[in-house]
Amino acid sequence: MKTRGFAVLAALALAAAAGASCRSSGPVDIRVSLPGVSPFPAGSFAEIIVTIFRSEAPLPDLDPGLELQSYLATELRRAFKGTVLLAPLPDGAAPPPSFWRAEAAGRDRAVFLTGSVRLEGQVRKALQPKNVPVDSPFDTSHRGLVEQRRWTLTVELAVVSGESGEPLFRKTFREDRDYIDLEKPAEFAFSELSASFRDALFPALLGTPTIEKRTLLRR
Amino acid sequence: MRRQIFPPLVLSLIIAFTACARPLATGALTAGVAAARQDGWEEAARHWRAALERDPGSAAAHNNLAIAYEKLGAWEEARREYEEALGLAPEDRAIKENYEAFMARLASGRGKRP
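Quick look at the structure, then. Keep in mind it's a predicted model, so treat the numbers as computed, not measured. (Residues numbered from 1 in each chain as written. Chains lettered and ligands numbered in written order. Predicted model: local features only at pLDDT ≥ 70, side-chain atom pairs only at ≥ 80, totals over all residues. Heavy atoms only, no water.)

A few words now on the overall build of chain B. On a plain count of helices and strands, chain B comes out with 6 helices and 0 strands. Listing each helix as α and each strand as β along chain B from the N terminus yields α-α-α-α-α-α. Taking all 114 residues of chain B together, the buried fraction comes to 42%. (Helix = DSSP H or I, 4+ residues; strand = E, 2+ residues; numbered from the N terminus. Buried < 20%, exposed > 50% of the residue type's maximum accessible area, 1.4 Å probe, protein only.)

Right, let's get into the nonpolar core. Of all hydrophobic cores here, the largest spans 38 residues; its most connected members are L216 of chain A together with W41, W48, I95 and F102 of chain B. Counting only elements with at least two residues in this core, the list comes to β1 (28–34) of chain A together with α2 (26–37), α3 (41–54), α4 (59–71), α5 (75–88) and α6 (93–110) of chain B. Once residues lying within four places of it in the same chain are set aside, the contact partners of F102 of chain B are R214 of chain A together with E70, W75, A78, R79 and Y82 of chain B. One finds F53, W151, L153 and F190 of chain A within the second-largest nonpolar core, a separate group that totals 33 residues. (Core = buried A, V, L, I, M, F, W, Y, C linked by side-chain atoms within 4.5 Å. Contact = heavy atoms within 4.5 Å.)

Residues and elements named next belong to chain A. Under the defined criterion, the tally for this structure stands at 16 salt bridges over all chains. As a salt-bridge pair, D178 and R150 come within 2.7 Å of each other at their nearest N and O atoms. Of this pair, D178 sits in strand β7 (residues 167–179) while R150 sits in strand β6 (residues 145–161), and the two are 28 residues apart along the sequence. Since its relative accessible area comes to 30%, D178 is described here as partly exposed. The exposure class of R150 is partly exposed, given its relative accessible area of 22%. Each of E75, R78, R198 and D199 takes part in a single network of salt bridges with overlapping partners. (Salt bridge = Lys/Arg side-chain N within 4 Å of Asp/Glu carboxyl O.)

Residues and elements named next belong to chain A. Of the volumes computed, that of the second largest pocket is approximately 360 Å³. When residues of the lining of the second largest pocket are traced back to their parent elements, those giving at least two are α3 (97–103), β5 (110–127), β6 and β7. For the lining of the second largest pocket, a count of residues per class yields 12 nonpolar, 6 polar and 5 charged. (1 Å grid on protein atoms, 1.4 Å probe; cavity = no way out; pocket = protein on both sides within 12 Å on 5 of 7 lines; lining within 4 Å. Points joined across faces, edges and corners; volume = space filled by probe spheres on them. Nonpolar A, V, L, I, M, F, W, Y, C, P; charged D, E, K, R; others polar.)

Residue and element names in this part refer to chain A. Counting across every chain of the model gives 8 aromatic pairs over all chains. Centroid distance F99 to W100: 5.0 Å. Interplanar angle 80°. Geometry classified as edge-to-face. Looking at F99, the relative accessible area reads 23%, which means it is partly exposed. Taking the centre distance of 5.1 Å and the plane angle of 75° together, the rings of F173 and F197 count as edge-to-face. Taken together, the residues span a long stretch of sequence, with F173 in strand β7 and F197 in helix α4 (residues 186–206) at a distance of 24 residues. One exposure class covers both F173 and F197, and it is buried. Three or more aromatic residues joined by ring pairs make a cluster, and in this case those are F99, W100 and F112. Just above the ring of F188 sits the side chain of K184; from NZ or CZ to the centre is 4.2 Å. (Phe/Tyr/Trp six-rings, centres within 6.5 Å; stacked < 30°, edge-to-face > 60°. Lys NZ or Arg CZ within 6 Å of the ring centre and 35° of its normal.)

Shown next as structure tokens:
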């Protein structure tokens, strides 16, 4: 009788082990941080050389081309693991591939960030009909008038391969912002607009890591 | 007495080895999963490659290896492994979902290239 009981227990234990084994071989959902997908294959460049950008519309108190170079280099040093270098303004609007190859001579998988920049301000006026009194004993001539200054930053960016001298990526970025304060200095607007430009550029250039769900299989 | 012991023992052994039908090669698969859960993706990929050497028809190993390649930023290799996995197990829901998520992500990053 005892032996029979033992046999039943052994059978149950083995069946339980089989069940547990089956459970442990099921799919496993994981959340994994995946690197950003950029137009450039991973590891395709180890150095970024940022040139001075050509200023299409120079301002009296600000050189957007120089400021953009400095800003991008600083931000790239934070976000990019490789080397970030500065370079002067290239000669001409579209230097030939031989120029870029010569500039990158001796560098390890270098790309150039180059192009042109334009920062423009424009006063925009509009009437707000609901605020314009038709008849009043007071001077209301300017009450319905809204004035804003719109600053627009346009960057024509090119990523040029140091190895081949050919452009790998070209894109025109345009950011604008309205300010109620008409006297807002260009430096202030440039600072805000270049941050928006960076937010648009970096995912395209470096990719943005994201957390994704995936399912691993065990059988 | 012994006769009474054998039938349940044999029965339970049959249950153990057939109910789950787990091939021995899955040891490498599970080792890879364990490594991946510890964020050891290089090691995980090695286990899954070993699993594929033992069983080249393992859709699970191809699927897992594709995820490892995604993690390592090797998009072309990931795509190839997912497509192998889907070719071997076209109805597998998990593989299909992984592949669709991968392709959507790839398109969102590369589709904007001018």
